[in-house]
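The chain contents come next:
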Amino acid sequence: MGLDINDAETLRKDELELPTVTEVSRDLFAEETEGIHDVKLNRDNAIVPFDVDHFLIKNNFQYISLDMLTRQLKDLSDEMMTVLLDRVAANYDSYLNFCKVYQGGNDNDTLFELQKILPDLDSFMNQLRILTEKEMPRTQETVQDTLDYLEKLEEIKALLNNHITISEDMTVLKQLSKSLHTLCDTEPLEEELCIEVTQKLFRLFQKIHTLLETLSELDSQSLHHIRNDFLGISQEFQISLKLLTDITLQHTTDYPKLASLLTDIFHQIKI
């Protein structure tokens, strides 16, 4: 006798349908607990125990891994502990009255400790609230102010270091400028010496100019003098460069290296 086509399709669907694993939840165990309470006493007048194997097979837990089932049960246990603590905290007096039923005497240390929990818990929660709402923001503000202060100190320190550096460099700049101006009057020119002094003078000139830019917001009397001195030295340097340029133009074949250096400098500054 052959199978009907519809019967065959139904059979294939039944074969392909996977068993449904019951979700581990409070409702699931509530149903099981109610079922146990409804079971009649057996012949020995003992309550029928909870059948773990039947419970697992009934809910198809054999189709999931033991690790997954363990995690789900642990999550449910943690959830129940949280719910229990919340309910105890919300109805603390009622639970204390419940505990009095099992009190063995007036000197029951356990009950005494339980009675101390709520005030201690209230005190802790109050301190935690003060810490999170007041102390922590205040501490964060203090830390931020301190960091801003330290950052400002670093800026001031850098400015002071620049000020000291400028004073020292200005002394060297004056000496180099006078030396170069003196070399311009020598005949014939000492080309190598002129090149060395000009290079050092130009590099130092650029350095001091950059440092003065970092101190542009300051308006001290000392900086006024430094800026005026720097302007005077820069003018003297320009005169020396013009003198050297005239000499190299008059003697085009005598000072090729110096002429090349002057050309490079003219490309970088306007005089």
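All values derive from a computational prediction rather than experimental measurement.

Regarding the nonpolar core
Burial of nonpolar side chains together is a common tendency in soluble globular proteins. Counting 33 residues, the largest nonpolar core has Met170, Leu173, Leu244 and Leu258 as the members making the most contacts within it. Among the elements of the structure, α6 (109–183), α7 (191–214), α8 (221–250) and α9 (256–268) are those that each provide at least two residues to this core. The dominant element in this core, judged by the number of residues it contributes, is α7, at 10 residues. Among all residues touching Leu258, those that are not within four sequence positions of it are Leu189, Glu191, Cys194, Ile195, Leu244 and Thr248. Of all hydrophobic cores here, the second largest spans seven residues; its members include Val24, Phe55, Leu69 and Leu76.

Let's talk about the confidence of the model for the protein chain
Confidence along the protein chain averages 75 in pLDDT terms, with 72% of residues attaining 70 or more. When pLDDT is averaged over each element of the protein chain, α7 comes out on top at 89 and helix α1 (residues 5–16) at the bottom at 52.

What to know about α8
For α8, built from 30 residues, the straight-helix expectation of 44 Å at 1.5 Å per residue is met to within 8% by its first-to-last C-alpha distance of 44 Å. For α8, the complete set of buried residues consists of Leu223, Ile226, Phe230, Ile233, Ser234, Phe237, Ser240, Leu241, Leu244, Thr245, Ile247 and Thr248.

Quick notes on α9
Given 3.6 residues per turn, any residue in an α-helix points the same way as the ones three and four places further on. Compared with the 18 Å implied by 1.5 Å per residue over 13 residues, the 19 Å span of α9 between its first and last C-alpha is a close match. Residues of α9 that are buried include every one of Leu258, Leu261, Leu262 and Ile265, and no others. Summarising the axial view, the buried residues of α9 lie within an arc of 100°, below the 170-degree limit, and thus occupy one face. Along its buried surface, α9 packs onto α7 and α8.

A short note on the packing of α8 against α9
When two helices pack together, their arrangement is given by the angle between the helix axes and by the axis-to-axis distance. Interhelical geometry of α8 versus α9 gives an angle of 135° and a closest axis separation of 10 Å. In terms of orientation, α8 and α9 fall into the oblique class. When you trace α8 past α9, the crossing you get is left-handed. Every residue of α9 that contacts α8 at Leu241, Leu244, Thr245 and Thr248 is listed here: Leu258, Ala259, Leu262, Ile265 and Phe266. Partitioned by chemical class, the residues of the contact of α8 with α9 number seven nonpolar, two polar and no charged.

About the criteria used
Residues numbered from 1 in each chain as written. Predicted model: local features only at pLDDT ≥ 70, side-chain atom pairs only at ≥ 80, totals over all residues. Heavy atoms only, no water. Core = buried A, V, L, I, M, F, W, Y, C linked by side-chain atoms within 4.5 Å. Buried < 20%, exposed > 50% of the residue type's maximum accessible area, 1.4 Å probe, protein only. Helix = DSSP H or I, 4+ residues; strand = E, 2+ residues; numbered from the N terminus. Contact = heavy atoms within 4.5 Å. pLDDT = per-residue confidence, 0-100. Expected span 1.5 Å × (residues − 1). Arc of directions from axis to C-beta. Axes fitted to C-alpha atoms, helices over the stretch in contact; angles between N-to-C directions. Parallel < 35°, antiparallel > 145°, perpendicular 65-115°, else oblique. Left-handed = near helix turned anticlockwise from the far one by under 90°. Nonpolar A, V, L, I, M, F, W, Y, C, P; charged D, E, K, R; others polar.

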